[in-house]
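Descriptive analysis of the structure
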Amino acid sequence: MERTLVKDLRKKVGEVVTIQGWLQKLRDQKKMQFLVVRDHTGAVQVVFEKAASEELAARISGITAESAIRVTGMLIDNPIVKLGGLELQLQSVEVENLAETPLPLDPFAEALPDMDYRLDWRYLDLRRPEVALIFRVQTTAEMAMREYWIKEGFREMHSPKIMGSPSESGAELFEVQYFDRTAYLSQSPQFYKQMAMSAGYDKVFEIGPVFRADPSFTSRHMTEFTGVDVEISWVDSHEDVMKFHEEWLAYVYNRVKEIHGEEIQALLGVEVVVPATPFPRLSMSEAYAILKAQDYALPPERKGDIDPGGERLLGKYVKEKYGHDFVFITDWPIAVRPFYHMRHSDNPGLTRSFDLLANGLEITTGAQREHRVDVLMKQAAEKGLTAGPIQFYLDFFKYGCPPHGGFGMGLNRMVMVLLGLTNIREATYLFRGPNRLSP
RNA sequence: GGGGGCGUGGUGUAGCGGUCUAACAUGCGGCCCUGUCAAGGCCGAGAUCGCGGGUUCAAAUCCCGUCGCUCCCGCCA
């Protein structure tokens, strides 16, 4: 018999239907058996009167929690049932996969185990509706991003993740054995998306894996994460990039809110707030002045940068002053930005760059890129980079490369902030960190 | 790489020098139970208190080391 999803049951009252899912709860009484069966769309109560068949009743008694089962029965409307006022009167049941007992992780236990233990048994943890929701939201968010990109004439690209030479610093690269030589895992599609500008692609995006060999132990870092990269030709400044970014992100928030807003509120207790555009902007020097005025002590050796504590404080400041969750921090000093960021013509110490802070967390870095090859080479040299390994990159700018700019956003960080999660592991299907390579 | 915190039945916690022959909740197993729905009741199994050393008459409890996890800083998305 054809499968009916739990969310569609209401329309089939009075019919015999088959559902497939997991036995969430069995309340085995003397005369009656109640089963709560859940699929990925919801849960429903199934009932069986033992007197109808002792043999069938005994089989039901043997089904363990979280077993994968298929149940067929008559669907009736029953207002007494608290779970949706529906009840499936069981006629037959098939156990597709009996769950062993006890479960190493009970998805419906009231107390949640440690994150690390949850990751060990992630497939059971992912059965929890609130966790499943995170990845339904992520799917919607990516769909919305693409909707907006396609509407704006972007092309999707997939750049290689195996690199022949360390690109920027080399410090945070993973080495991989590549036949008889060494290759590296890509820590950014930066160079390749710029190549697309030189190729005349005009506007591109890529959603793909990014690898960082940083031994970071925080609630917001991973060694492998999903990067969302955008690059746009013919921009006049980083302001054009920010303009695109904020409109695009507001669209994504809007779509997530209209599709999942109520459920996010119900399951995660978070109100999705679609950000107003334009987002507030603070130049680096303004940001510095604000922090100074609040007596925030920036580490002296980190002149020109803002530490995470400072970012959180700025997020709080913007929330209070502008009632906004986002803020662009612009015009970063050249010392803390890579060589390919374009510099201000009237202030060569500052770059045409920005970071986007969401609730005080850095989720994006962007800039207008330097497309004049002579200037680019000079800036690379200043940063101590030798032309050799990046010659292929420098060549992109020799044969008619338009002015351009773009940004890289962390998908997991965005989802984390969007849903008010406190740990990036929550917003990641399978976390990868310095000490975590499985499952 | 630097610093802080934590490590007690499957899971989450309590206990923080002797009353611990380690408690509670949940889960698990068994029995019972007018339709249950955070079901309920009774019974039971399950922990050499991360590991090693030390202090003490006495250590889950204090000290040192070690391992694991976690958070913060650095780095970034």
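Being a predicted model, the structure only gives us computed values, none of them experimental. (Residues numbered from 1 in each chain as written. Chains lettered and ligands numbered in written order. Predicted model: local features only at pLDDT ≥ 70, side-chain atom pairs only at ≥ 80, totals over all residues. Heavy atoms only, no water.)

It is worth spelling out the sheet that holds strand E10 (residues 203-211) at this point. As summarised here, the arrangement of the eight strands in space is E6-E10-E11-E18-E17-E16-E13-E12, forming an open sheet in which the pairing is mixed. In the strand order of this sheet, the two ends are held by strand E6 (155-156) and strand E12 (281-283), each with one partner. Summarising the sheet, strand E11 (residues 224-233) and strand E18 (residues 404-410) pair through seven bridges and their orientation is antiparallel. Paired with Ser 233 across the bridge in E18 is His 404. (Pairing = 2+ DSSP bridges. Helix = DSSP H or I, 4+ residues; strand = E, 2+ residues; numbered from the N terminus.)

If you trace the three strands from one edge of the open sheet to the other, you get E7-E9-E8, paired in antiparallel fashion. This sheet does not close on itself; its edge strands, each paired only once, are strand E7 (162-163) and strand E8 (175-178). Across two bridges, the pairing between E7 and strand E9 (residues 181-185) is antiparallel. When the sheet's bridge partners are listed, Met 163 is paired in E9 with Tyr 184.

With that settled, the discussion passes to the nonpolar core. Grouped together as the largest cluster of nonpolar side chains are 55 residues, with contacts concentrated most on Met 145, Trp 149, Trp 248, Leu 249, Ile 363 and Met 414. Of all the elements, helix H4 (residues 129-151) adds the most residues to this core, at ten residues. With 21 residues, the next largest nonpolar core counts Val 6, Val 37, Leu 56 and Val 71 among its residues. (Core = buried A, V, L, I, M, F, W, Y, C linked by side-chain atoms within 4.5 Å. Buried < 20%, exposed > 50% of the residue type's maximum accessible area, 1.4 Å probe, protein only.)

A few words now on helix H8 (residues 308-322). Think of an α-helix as turning once every 3.6 residues; residues three or four places apart then point the same way. End to end, H8 covers 20 Å across 15 residues, agreeing with the expected 21 Å (1.5 Å per residue, within 8%). When we look at burial in H8, the residues that qualify are Gly 309, Gly 310, Glu 311, Leu 313, Leu 314, Gly 315, Tyr 317 and Val 318. In this fold, the buried residues of H8 make contact with E12, helix H7 (284-293), strand E13 (326-330), strand E16 (353-358) and strand E17 (361-368). Positive phi appears at Gly 323, one or two residues downstream of H8, with a value of about 60 degrees. (Expected span 1.5 Å × (residues − 1). Contact = heavy atoms within 4.5 Å.)

Each pocket or cavity is described by its volume, and for the second largest pocket that value is around 390 Å³. If you trace the second largest pocket, you find 16 residues lining it, with Asp 39, His 40, Thr 41, Pro 129 and Ala 132 closest to the centre. Residues that form the lining of the second largest pocket fall into these classes: seven nonpolar, four polar and five charged. Counting contributing residues, the lining of the second largest pocket receives three or more from each of domain 1 (6-97) and domain 2 (129-418). (1 Å grid on protein atoms, 1.4 Å probe; cavity = no way out; pocket = protein on both sides within 12 Å on 5 of 7 lines; lining within 4 Å. Points joined across faces, edges and corners; volume = space filled by probe spheres on them. Nonpolar A, V, L, I, M, F, W, Y, C, P; charged D, E, K, R; others polar. Domains from an automatic or database assignment.)

Right, let's get into the domain arrangement of chain A. Domain parsing of chain A yields domain 1 (6-97) and domain 2 (129-418). Placing the centre of domain 1 and that of domain 2 at their C-alpha centroids yields a distance of 49 Å.

Okay, the environment of Leu 376 next. Considering the arrangement of structural elements, one finds Leu 376 in helix H9 (residues 373-382). Residues Leu 376 and His 341, spaced 35 residues apart in sequence, show a C-alpha to C-alpha distance of 8.8 Å.

Turning to the pattern of salt bridges, a few remarks are in order. For the structure on display, the rule yields 32 salt bridges. Between Glu 66 and Arg 38 there is a salt bridge; the shortest N-O distance is 3.0 Å. Of this pair, Glu 66 sits in the loop between helix H1 (54-61) and strand E4 (68-77) while Arg 38 sits in strand E2 (residues 32-39), placing them 28 residues apart in sequence. Looking at Glu 66, the relative accessible area reads 4%, which means it is buried. Residue class for Arg 38 comes out buried when judged on its relative accessible area of 6%. Across the pair Arg 281 and Glu 246 runs a salt bridge, and its minimum N-O distance is 3.0 Å. Taken as a pair, Arg 281 in strand E12 and Glu 246 in helix H6 (residues 238-268) lie far apart in primary sequence, 35 residues in all. Looking at Arg 281, the relative accessible area reads 24%, which means it is partly exposed. (Salt bridge = Lys/Arg side-chain N within 4 Å of Asp/Glu carboxyl O.)

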